[in-house]
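Coordinate inspection notes
Each chain, letter by letter, is given below.
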Amino acid sequence: MLASYQKSLHAAFIAIFCLSLGLPAFAQSGGSSASISGTVVDPSDAIVPNATVEIHNPVSAFARSTITDSSGKFSFPNVPFNPYHLSITVAGFASYTQDVEVRSTVPLVLKISLQVAGSSESVTVESGGDLIENDSTFHTDVDRGLFDKIPLESQSSSLSSLVTLATPGIAADSNGLFHGLGDHAENSFSVDGQPITDQQSKVFSNQIPLDAVESLEVISGAPPAEYGDKTSVVINVTTRSGMGMTTPHGSITASYGSFGTSNLDVNLGYGGQKWGNFISVSGLNSGRFLDPPEFVIMHDKGNEENVFDRLDFQFSNIDTLHLNLGFTRSWFQTPNSYDSEFATPWNGVIVSNGGLGPNGLPVGPADQRSQIKTFNIAPSWTRLINNTTVFTLGAFVRRDAYNYYPSANPFSDLGAPNLQSETVGQNRTLTNAGALSNVTYVKGIHNIKAGAVYEQTFLDESDTLGIVNPTYLPSLLGANGLPCFVGGVAIAAPCTTLLPYDLTQPGGGSEYTFNGHTDVKELALYVQDTITKGSWSFNLGLRGDFYNGLTTHKEAEPRIGIAYNVKPTNTVLRVSYARTMESPFNENLVLSSIGCTNPVVNPLLLCSAPVSNPLSPGWRNEFHAGLQQAFGKYVVFSGEYIWKYTHNAYDFSVLGATPITFPIEWNNSKIPGYAGRISVPNFHGFSALMVFSSVAARFFTPQIGGAGSVPGAIGAFRIDHDEKFNQTTHLQYQPWKTGPWLGFNWRYDSGLVAGPAPCAGGNCANGPAGSDSVVDVSGLSPDQQFEAGLFCGAVRATPPSAANPIGTPISPNNLCPASQYGSTLLQIPAPGTENDDRNPPRIASRSLFDLAIGDDNLFRGDRYKWSAQFTVVNMTNKYALYNFLSTFSGTHYVTPRALAAQIGFHF
């Protein structure tokens, strides 16, 4: 069945291609943006040269200007989709203003007639109506005018950091990971129209550098039909272009800051009216590359090198080629906890053996490292069929090569009992290749787009592992429920199966290698129409997704949105609905789906049976209702209530107790919440942005897909990216246009759901016989107790050290009276009140403050400019956690106070 759809798609591509070759046309456009061009004339229809033409969007901060040439013509290429305010000034003529809308790749061509100064004229005046959009899809637009001046927490994942801070509905997590509207990383990127739906956090892949980004549109509402796979949040990226830059423009910036973090960035744009090239090259080196499990940094060095190039070439009046090229390499250490830094000997073997492991070699700190190489090639061709219709044909190949290296001495990888009992290595590649085609037609009240996307994702996984915990085999039970390893002898499975790979046994063992491969094929067909009639706007769409991986699935997905502009009050009311198919995560998909059939991997994955549990695509119904309201000319609010119900909801788990994660699937999820944004456009140099959200991420057992699936009754729990409330307030002030500026952030997070934090009674079961009066913390090592900020009366846990390689728990017997028990970093439910759904333990709330000050033109140069910037992240040096023993990401602290100074040369 899928093959017939693929043949139909190929036939459609050929038919559209042939049709486009035979039709006349007369302009160019392409990518995820369009062009605005036109001619300026006087009342007698004579051309007006040297007129200043400006466009700007007061909410996104997008602003561009140009001068009409000797023919009275002007052009703005690469303009992101949005409404804009266009103004024209020239000596001897009255000022002219007009609102224009860029909503498709169809170029906008204008002919503007100026009135002589002093004559009767009609001028559009900016008002609250310029701040709102009559659009049914809730989204946030961010231009370089904002993110050039916003202090970002993470230099190695700056794009994720920007999305977290500048858009509503985002729960912040460690290492550049963010959760959109209650889902686990169900986010996708569209880079100049290229879909990227695989994970983009810095422990999975490498992101496009922020320096290559012109603007962002972040869709938090019901996604239009052109978007699929992972749609909780869709980040639509428009990259920078050299088109129209008749003289070279670029910059060289260098920075240095805390943790020895240094950054060098070079970019250059150059072109003409028919071509343009933009290239960005950057390098980063840091002593704190990842967010570590301790506030103190140990074993956390990393570096990253980026190259991005965009080429645009208009080889005729109707045809344009666009090519994106990118390569990124990152190398980084896995940060150590005190446990792993001091090779904590939980079994006593290492201490009694004079610090030597079972292999007779000294056991030092863990030394686990990763390397990721990413390349991307994405060419596209755009043809303007006529002044209402544009055809686009594109292709793309993107590859992530991920390598995880264990410590040279495998016994250095032995951690606390509930952390890591295996040494593990991984060599994994993900290659995503595909083609896309679409036709856009704009005329009258209709803005129609129809298209198709076909892609294949080739997955190769190779995992090596060996057991380094001598207590692991003795802890296992055979099929009869009795220990399968007695007196140093394996007497039954799974011990007999695992024994050759137990490196602690006399004579040692060998590491086991698991290899997996699959090819995931996906086909999407869609059509959508945005209909604008008076004060009404209708977004109607239909999408069909066909998934063929380890499982198959097809889904018809209607999309509908309605918006109404109440013009007298500058209010837009909107409602929308979307049916979506949610595709499984590709990272370690094979291991998760078929690992339980492998007799060696099966016990490490805690499988309930030796059967495969392949992940199937999920499907979702989501409803949105919201409004946008302008208050005068300087304040606009946009907010939305969201309700999402998903069958087959995704999360991540871990391989045994190693750092290797894999996707799993729960029965369903229910996610209600709200998100909002308040914007203050530029008012005498002052601007402000506040984004906020509250999302309840309720997931329901049993686990139905992925390794470790256990059939059982349905029950609700809050997953570890549920957060009651978060907000970011960004203030920006630049008293005069060419003077110094200041940017300030306040980020508040009420706290994600924490991992297994001990508490008394309720569902905790961390007290003797379920007692509500005593808490048993023996399930955590002293270091983990320290990481959680636990205390028993006046006693706090102390982490391991050279003098005390185990550390000290909060109580000698690990039992603490509930009345004396608490935490400075976690919100622990009162005795007897813990409930996985209604009252789970959470990370303590936190407020983080960041500041950036700078000057973009220190010496007031014209063509050549020097800039300087000073940034402080976490000004108060807040001691706080992102998460604690999260199923997916473990324990991580926020960045300590970090200072950075940057200097730049611009031309």
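Treat the numbers as computed from the prediction; the structure is a model and nothing was measured. (Residues numbered from 1 in each chain as written. Predicted model: local features only at pLDDT ≥ 70, side-chain atom pairs only at ≥ 80, totals over all residues. Heavy atoms only, no water.)

Remarks on the confidence of the model for the chain
- On average, the chain scores 88 in pLDDT, and the residues at 70 or more come to 92%.
- In the predicted structure, residues 1-30 sits below a pLDDT of 50 and forms 62 contacts with residues beyond four places in sequence or in another chain.
- With pLDDT under 50 throughout, residues 120-125 is counted as low confidence; its partners more than four residues away or in other chains account for 11 contacts. (pLDDT = per-residue confidence, 0-100. Contact = heavy atoms within 4.5 Å.)

Observations regarding the nonpolar core
- In terms of nonpolar packing, the biggest core is built from 45 residues, with Leu655 and Phe699 touching the most fellow members.
- Of all the secondary structure elements, the ones that give two or more residues to this core are strand 21 (389-405), strand 23 (446-467), helix 6 (495-498), strand 26 (512-533), helix 8 (601-604), strand 31 (635-654) and strand 32 (661-683).
- Sort the elements by how many residues they give to this core and strand 32 lands first, with five residues.
- In terms of nonpolar packing, the next biggest core, distinct from the first, is built from 28 residues, Ile208, Leu210, Val218 and Val691 among them. (Core = buried A, V, L, I, M, F, W, Y, C linked by side-chain atoms within 4.5 Å. Buried < 20%, exposed > 50% of the residue type's maximum accessible area, 1.4 Å probe, protein only. Helix = DSSP H or I, 4+ residues; strand = E, 2+ residues; numbered from the N terminus.)

Examining the sheet that holds strand 42 (residues 821-823)
- Here we have three strands laid out as an open sheet, ordered 40-39-42, and antiparallel in their pairing. Each end of this open sheet is capped by a strand with a single partner; those strands are strand 40 (795-796) and strand 42. (Pairing = 2+ DSSP bridges.)

Examining the pattern of salt bridges
- In this structure the tally under the stated criterion is 34 salt bridges.
- Where Asp855 meets Arg860, a salt bridge forms, and the shortest distance between an N and an O atom there is 3.3 Å.
- The class of Asp855 is buried, set by a relative accessible area of 10%.
- Connected via shared salt-bridge partners are Arg698, Arg718, Asp722, Asp837, Arg838 and Arg842. (Salt bridge = Lys/Arg side-chain N within 4 Å of Asp/Glu carboxyl O.)

Regarding the state of the cysteines
- In this structure the tally under the stated criterion is two disulfides.
- A disulfide bridge connects Cys792 with Cys816, and the sulfur atoms are separated by 2.2 Å. An S-S torsion of about 100° defines the bridge between Cys792 and Cys816 as right-handed. With a gap of 24 residues between them, Cys792 in strand 39 (residues 790-792) and Cys816 in strand 41 (residues 815-817) connect regions that are remote in the sequence.
- Using a relative accessible area of 0% as the deciding quantity, one classes Cys816 as buried. (Disulfide = S-S within 2.5 Å.)

So, the side chain of Arg574
- Here Arg574 lies in strand 29 (residues 571-582).
- Arg574 gets classed as buried once you look at its relative accessible area, which sits at 4%.
- Among the polar contacts made by the side chain of Arg574, one reaches the side chain of Ser638 at a distance of 2.8 Å. (Polar contact = N/O pair within 3.5 Å; in protein donor to acceptor, adjacent residues only side chain to side chain.)

So, the packing of aromatic side chains
- What the rule picks out here adds up to 29 aromatic pairs.
- Aromatic side chains Tyr338 and Phe786 sit 6.0 Å apart centroid to centroid with 75° between the ring planes, which places their arrangement in the edge-to-face category. With Tyr338 in helix 4 (residues 338-341) and Phe786 in helix 9 (residues 782-787), this residue pair connects regions lying 448 residues apart in the sequence.
- Here Tyr338 falls in the buried class, since its relative accessible area comes to 15%.
- Among the residues examined, Phe786 registers a relative accessible area of 24% and is labelled partly exposed.
- Aromatic pair Phe744 and Phe849: ring centres 6.1 Å apart, planes at 20°, arrangement stacked. One end of the pair, Phe744, is in strand 37 (residues 740-749); the other, Phe849, is in strand 45 (residues 846-855), and 105 residues separate them in sequence.
- A relative accessible area of 23% means that Phe744 is categorised as partly exposed.
- Three or more aromatic residues joined by ring pairs form one cluster here, namely Phe204, Phe585, Tyr650 and Phe652.
- The ring of Trp741 has Lys149 lying over it, and the distance from NZ or CZ to the ring centre is 5.5 Å.
- For Lys202, the ring lying beneath its charged end belongs to Phe289, and the centroid distance is 5.7 Å. (Phe/Tyr/Trp six-rings, centres within 6.5 Å; stacked < 30°, edge-to-face > 60°. Lys NZ or Arg CZ within 6 Å of the ring centre and 35° of its normal.)

Considering empty space enclosed by the protein
- Evaluation of the coordinates by the stated rule reveals 10 cavities of 30 Å³ or more.
- Taken as a whole, the largest cavity holds about 280 Å³ of empty space.
- Forming the walls of the largest cavity are 24 residues, and the residues nearest its centre are Ile196, Asn206, Gln207, Ile208 and Asn376.
- Going through the elements one at a time, strand 11 (187-191), strand 12 (194-196), strand 18 (302-314), strand 19 (319-333), strand 20 (369-386) and strand 21 are the ones with two or more residues in the lining of the largest cavity.
- Counting residues per element, the lining of the largest cavity draws most heavily on strand 19, at five residues.
- Broken down by class, the residue content of the lining of the largest cavity amounts to 11 nonpolar, 11 polar and two charged. (1 Å grid on protein atoms, 1.4 Å probe; cavity = no way out; pocket = protein on both sides within 12 Å on 5 of 7 lines; lining within 4 Å. Points joined across faces, edges and corners; volume = space filled by probe spheres on them. Nonpolar A, V, L, I, M, F, W, Y, C, P; charged D, E, K, R; others polar.)

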